[in-house]
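Inside the fold
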Amino acid sequence: MAEFLREVRPKHRAFTAGLAVLFMALLGSACVTNPITGRSQVMMVNDQEAARASRQAYLQLLSAADRAQALDNNAQTLRRVRRITDRLVAQAVQLRPETRGWKWEVHVLKSKEINAWCMAGGKMAVYTGLLDKIKPSDDELAQVMAHEISHALLSHQAEKISRVQMQGAGLQLGVLAGAIAGYDLSGVAGLADSAATVALQLPNSREAESE
């Protein structure tokens, strides 16, 4: 038995090392340079794929908000928010002309939370908590929404989804390596699927906020 283990363990180490090289190659092939800032980003998902995922999530969110009577349809509020975001979108498509094809859209959601966001594909929301508690001027609201729109322009949501997928790939490779070495890590693999479902809700990194 001891002789068998001495023979097999180096093969395990070599195989595990091979998996590590494969994972690093996958990581390297997924790295791209952001055309606006020059920052290196991990991109296994492109903006088009992120936009499709965002559109689906956005429709589900609006439907749920409508059922819960959480959509603010005040004509004056909507007119103000859309007037401001329309001007910002006009500048955004100048910076990234391909986003002219995005279905830009904004809604106001009834929530005490002080928040606003813009998803990949130009799907936006402003919370009444921001409007009622902060009472921003038009210029201040424009600054908030310009910041949120920049996340979409810089592909931050696609980057977050890509990182989750990359973590999932790493987990799967780890499970395979563990199985070869005699460990049962199959329970960990489920985390990849769970993480993928919440990728759209993950907060942006400090690096993304600074960018």
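Since we're looking at a predicted model, the values are computed, not measured.

A closer look at the overall build of the protein chain
Of the regular secondary structure elements, the protein chain holds 8 helices and 5 strands. Secondary structure elements of the protein chain, listed N to C terminal, follow the sequence α-β-β-α-α-β-β-β-α-α-α-α-α. The buried share among the 211 residues of the protein chain stands at 38%. In the protein chain, the proportion of contacts linking residues at least 24 apart, taken out of those at least 6 apart, comes to 63%. Accessible surface computed for the protein chain: about 12,500 Å², of which carbon and sulfur atoms make up 56%.

A few points about helix 2 (residues 47-67)
With 21 residues, helix 2 extends 30 Å between its outermost C-alpha atoms, agreeing within 8% with the 30 Å of an ideal straight helix rising 1.5 Å per residue. If you check the start of helix 2, you find a side-chain oxygen 3.1 Å away from the backbone N of Gln 48, and it comes from Asn 46. Directly beyond the C-terminal end of helix 2, a positive phi value near 55° is found at Gln 69.

A few points about the nonpolar core
Ranked by internal contacts, the top residues of the largest apolar core, which has 23 residues, are Val 81, Trp 104, Met 124, Val 126, Leu 141, Met 145 and Ile 149. Every element with two or more residues in this core is listed here: helix 3 (75-95), strand 3 (105-109), strand 4 (116-118), strand 5 (123-127), helix 4 (128-134) and helix 5 (138-153). With 7 residues, the single largest contributor to this core is helix 3. Not counting the four nearest positions on each side in its chain, Met 124 is found in contact with Tyr 58, Thr 85, Val 89, Trp 104, Glu 105, Val 106, His 107, Trp 117, Cys 118, Met 145 and Ile 149.

Points about the pairing of strand 5
Burial within strand 5 is extensive, with 5 of its 5 residues counted as buried. Where burial is concerned, the two faces of strand 5 agree: the one with Lys 123, Ala 125 and Tyr 127 and the one with Met 124 and Val 126 are both buried. Sheet topology places strand 3 next to strand 5; 5 bridges connect them, and they run parallel. The residue of strand 5 that forms the bridge with His 107 is Ala 125. Pairing geometry for strand 4 and strand 5, over 3 bridges, is antiparallel. The partner of Ala 116 across the bridge, within strand 5, is Val 126. Turn length for the strand 4-strand 5 hairpin, with the two strands adjacent in sequence and antiparallel, is 4 residues, and the turn residue Gly 121 shows positive phi of about 90°.

A few points about the packing of aromatic side chains
According to the stated counting rule, one finds 2 aromatic pairs in the structure shown. Look at Tyr 58 and Trp 117: their rings are 6.0 Å apart centre to centre, the planes differ by 85°, and that puts the pair in the edge-to-face class. Of this pair, Tyr 58 sits in helix 2 while Trp 117 is found in strand 4, placing the two residues 59 residues apart along the sequence. Summarising the burial analysis for this pair, Tyr 58 and Trp 117 share the class buried.

What about the packing of helix 3 against helix 5?
Relative orientation and spacing of two packed helices are given, respectively, by the angle between their axes and the distance between those axes. Following both chains from N to C, one finds helix 3 and helix 5 inclined at 45°, their axes separated by 10 Å at the closest point. Relative to helix 5, the element helix 3 is oriented oblique. The crossing of helix 3 and helix 5 is right-handed. Contacts from Arg 80, Val 81, Arg 83, Ile 84, Thr 85, Leu 88, Ala 92 and Leu 95 in helix 3 reach Asp 138, Leu 141, Ala 142, Met 145, Ala 146, Ile 149 and Leu 153 in helix 5.

Digging into unusual backbone geometry
A positive phi angle, near 50°, is found at Lys 135, a position not held by glycine. Among the structural elements, Lys 135 can be located in the loop between helix 4 and helix 5. Overall, Lys 135 belongs to the exposed group, its relative accessible area being 62%. Positive phi is not limited to glycine here, since Ser 155 has a value of about 60°. Relative to the helices and strands, Ser 155 resides in the loop between helix 5 and helix 6 (156-180). Since its relative accessible area comes to 10%, Ser 155 is described here as buried.

Structural notes on the confidence of the model for the protein chain
Chain-level pLDDT for the protein chain is 77 on average; 68% of the residues reach the 70-or-more range. Below pLDDT 50 for its whole length, residues 14-29 participates in 16 contacts with residues either more than four positions away or in separate chains. For the stretch residues 169-198, pLDDT sits under 50, and the model shows 26 contacts to residues farther than four places along the chain or on other chains.

Analysis parameters
- Residues numbered from 1 in each chain as written.
- Predicted model: local features only at pLDDT ≥ 70, side-chain atom pairs only at ≥ 80, totals over all residues.
- Heavy atoms only, no water.
- Helix = DSSP H or I, 4+ residues; strand = E, 2+ residues; numbered from the N terminus.
- Buried < 20%, exposed > 50% of the residue type's maximum accessible area, 1.4 Å probe, protein only.
- Contact = heavy atoms within 4.5 Å.
- Areas by Shrake-Rupley, 256 points an atom, 1.4 Å probe, with all protein chains shown as cover.
- Expected span 1.5 Å × (residues − 1).
- Polar contact = N/O pair within 3.5 Å; in protein donor to acceptor, adjacent residues only side chain to side chain.
- Core = buried A, V, L, I, M, F, W, Y, C linked by side-chain atoms within 4.5 Å.
- Pairing = 2+ DSSP bridges.
- Phe/Tyr/Trp six-rings, centres within 6.5 Å; stacked < 30°, edge-to-face > 60°.
- Axes fitted to C-alpha atoms, helices over the stretch in contact; angles between N-to-C directions.
- Parallel < 35°, antiparallel > 145°, perpendicular 65-115°, else oblique.
- Left-handed = near helix turned anticlockwise from the far one by under 90°.
- pLDDT = per-residue confidence, 0-100.

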